[in-house]
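Overview (structure and organization)
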Amino acid sequence: MIEQTMELPASLHPISSDKICKRSFEVVQRLQQAGHQAYLVGGCVRDLLLGQTPKDFDIATSAHPEQVRRLFSSCRLIGRRFRLAHIYFGRDYIEVATFRAPHDSGAEGQGQVNDDGRITHDNVYGTLEEDVWRRDFTINALFYDPIQNEILDYVGGLRDLEERRIRLIGDPESRFREDPVRMLRAVRFAAKLDFSISPETRDLILPMAPLLDGVASARLFDEILKMLHSGAGRRTFELLREYDILPFLLPVTDDSLYEDSTGIFARLLEISLNNTDRRVRSGLSVMPPFLYAVLLWHKVSTLALQIQEDDYPEMQAMQIAASEVLNEQVDFTAIPRRFSNITREIWGLQLRFRVRDLRRASALLHNNRFRAAYDFLCLRAQAGEPVADDCAWWTAFQEAEGEARVALCEKPDRSRTRNNRRRRRS
Ligand code: ATP
Ligand code: MG
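Sequence order as written defines the numbering, with residues in each chain counted from 1. As they are written, the chains are lettered A onward and the ligands numbered 1 onward, keeping that order. In view of the model being predicted, local features appear only for residues whose pLDDT reaches at least 70, and side-chain atom pairs are presented and counted only at 80 or more, with totals across whole chains, interfaces and linings using the full set of residues. Side-chain figures throughout are based on the complete set of non-hydrogen atoms in the structure, without hydrogens or water.

**Points about the packing of helix H12 (residues 264-281) against helix H18 (residues 370-383)**
How two helices pack is summed up by the angle between their axes together with the distance between the axes. Geometry is summarised by axes, namely lines fitted to C-alpha atoms with helices restricted to the contacting stretch, and by angles between N-to-C directions that run from 0 to 180 degrees. Here a strand is any run of E in DSSP of at least two residues, a helix any run of H or I of at least four, and the numbering for each starts at the N terminus. Where H12 meets H18, the axes come as close as 8 Å, and the angle between the chain directions of the two elements is 130°. Comparing their axes, H18 and H12 come out oblique. The crossing of H12 and H18 is right-handed. Here H12 contributes Ile264, Arg267, Leu268, Ile271, Ser272 and Asn275 to the contact with H18, which in turn contributes Leu379, Arg380, Gln382 and Ala383. Gly falls in the polar group here, along with every residue not listed as nonpolar (Ala, Val, Leu, Ile, Met, Phe, Trp, Tyr, Cys, Pro) or charged (Asp, Glu, Lys, Arg). In terms of residue class, the contact of H12 with H18 is built from 5 nonpolar, 3 polar and 2 charged. Angles below 35 degrees are treated as roughly parallel, those above 145 as roughly antiparallel, those between 65 and 115 as roughly perpendicular, and all remaining angles as oblique. Here a crossing is taken to be left-handed if its near helix is turned anticlockwise relative to the far helix by less than a right angle, and right-handed if that turn runs clockwise. Note on contacts: a residue pair qualifies if any of its non-hydrogen atoms lie within 4.5 Å across the two residues.

**Thoughts on the packing of helix H14 (residues 297-309) against helix H15 (residues 314-330)**
Between H14 and H15, whose axes approach to 8 Å, the crossing angle comes to 135°. Considering their axes alone, H14 and H15 lie oblique with respect to each other. Handedness of the crossing formed by H14 with H15: right-handed. Contacts from Trp297, Lys299, Val300, Leu303, Ala304, Ile307 and Gln308 in H14 reach Glu314, Ala317, Met318, Ile320, Ala321, Ala322, Glu324, Val325 and Glu328 in H15. Per-class residue counts for the contact of H14 with H15 are 11 nonpolar, 1 polar and 4 charged.

**Quick look at the pairing of strand E1 (residues 38-41)**
Going residue by residue along E1, you find Ala38 and Leu40 tucked away on one face and Tyr39 and Val41 tucked away on the opposite face as well. Any two strands are treated as partners once DSSP identifies two or more bridges connecting them. Here 4 bridges tie E1 to strand E2 (residues 58-61), and the two strands are oriented antiparallel to one another. Bridged to Ala38 within E2 is Thr61. Looking at chain direction, E1 and strand E8 (residues 143-145) are connected through 2 bridges and run antiparallel. Following the sheet pairing, Val41 is matched in E8 by Phe143. In this scheme, a residue with accessible area under 20% of its type's maximum is buried, one over 50% is exposed, and one in between is partly exposed, where area comes from a 1.4 Å probe on protein chains only.

**Observations concerning the sheet that holds strand E3 (residues 75-78)**
As summarised here, the arrangement of the 7 strands in space is E3-E4-E5-E2-E1-E8-E9, forming an open sheet in which the pairing is mixed. Each edge of the sheet is formed by a strand with only one pairing partner; in this case those strands are E3 and strand E9 (150-152). Within this sheet the neighbouring strands show an average axis-to-axis angle of 35°, counted without direction. As paired elements, E8 and E9 share 3 bridges and run antiparallel to each other.

**Some details on the site of ligand 1**
Near is defined per residue: the residue qualifies when any heavy atom it owns lies within 4 Å of the molecule or strand. Lining the immediate surroundings of ligand 1 are 17 residues, of which Arg135, Asn140, Asp179, Arg182 and Arg188 lie closest. In this structure, a nitrogen atom belonging to ligand 1 sits 3.2 Å away from a main-chain N or O atom of Asp136. As used in this structure description, the phrase polar contact means that two N or O atoms lie within 3.5 Å; if the pair is within protein, one of them must be able to donate a hydrogen and the other to accept it, and residues adjacent in sequence are counted only when both atoms belong to side chains. Between ligand 1 and Arg182 there is a distance of 2.8 Å, counted from a nitrogen atom to a side-chain nitrogen or oxygen. Note that accessible areas follow from Shrake-Rupley with a 1.4 Å probe, and for residues the cover is restricted to the protein chains shown. Considering ligand 1 on its own, with 590 Å² of exposed area, one finds that the protein chains cover 82% of that surface. Secondary-structure elements contributing two or more residues to the shell around ligand 1 are helix H2 (43-49) and helix H7 (181-193). For the shell around ligand 1, the residue count by class is 1 nonpolar, 3 polar and 13 charged.

Structural data, given as structure tokens:
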């Protein structure tokens, strides 16, 4: 059934032209002037109607990628699995996607589905009417023509926006099978927009979550960041647990939550995710290595203690544990090395926060990772780990200056230092 509505329910905001990014308006205009259809689409239309500020403005067009490239000199074509045009304005770009048809309707190689029903190539171009049905949720399938100021709704997206509901377009089972990441997207939008997930979509998540095993680990890593760094990370995490998705995404974290009978780890997660949400909402930076330092902390710290019992020095035990735990997680979601190296540093520095002599403490203060590691220490203290004294000392040490800073420190134990030197030489 095709539904096409242009009247907005009263509670949805009409889209005011000053909310639309000028560049995307101009791109739509240029495409239309060249004789193509072009619309703003997806998240930006949804967010504009909800009175929120869109993160980005995506465009859908009847023009093929090569045609888009010919119209815009700053255009670059990207992606093999899903070919797209990026039109650059300095370092920023606007994404322009050609309307897609069902993936099984094109020539061989343009659209491909594997044995699980998962789409592996999605480059069969089509019409606007075909494109609508390939989108994930009804609220993400609204098209807006900013020049005519007209909204196209073929799937009941306006009604679902009004009723604050996430609903898959088409047959939910095959849509999840085609792309299991849609389960994560459902949870992300439910948390971010504070919407419910409609029952026929929701009831399939639990039985179908194991399909996430087949998704490329790099894509899952990106999705984790989108979910937990969205400003609604705490709520998203709760939903991931509620729908039992966590074992397929963050199995180490999931095990830790069951293993830790003290509740300290659950509190650490809660406090950290709340903290991250506050930072994102105030426009402050958040870093993936810090998120992973939190998510994997329980496992890495308990494993390091076990390794120490086998007579390994503390720092070495931590390094071995870090490698084991990161390797375990990487099987599920790739963590780029530039991030995991920082996660290791944050963990390693936790052991050095016990130093109290001026020279070593001052050196630690200048370590590149001091700030992140200190924030992590304070979260641990807040969650109930016995590091509150260390946290208080380092807070005081940073605030103190000159003599006051010296007064906080212990004199280095010279006899021990000398003995150590002697032992090393012999
Ligand atoms: P956000 O505010 O997070 O950017 P968004 O809805 O714009 O939300 P994007 O990932 O930017 O999400 O995707 C843009 C649009 O592309 C979506 O609104 C949806 O119509 C379509 N889309 C994205 N991912 C999928 C998918 N996995 N399956 C089907 N359609 C998708
Ligand atoms: Mg978007």
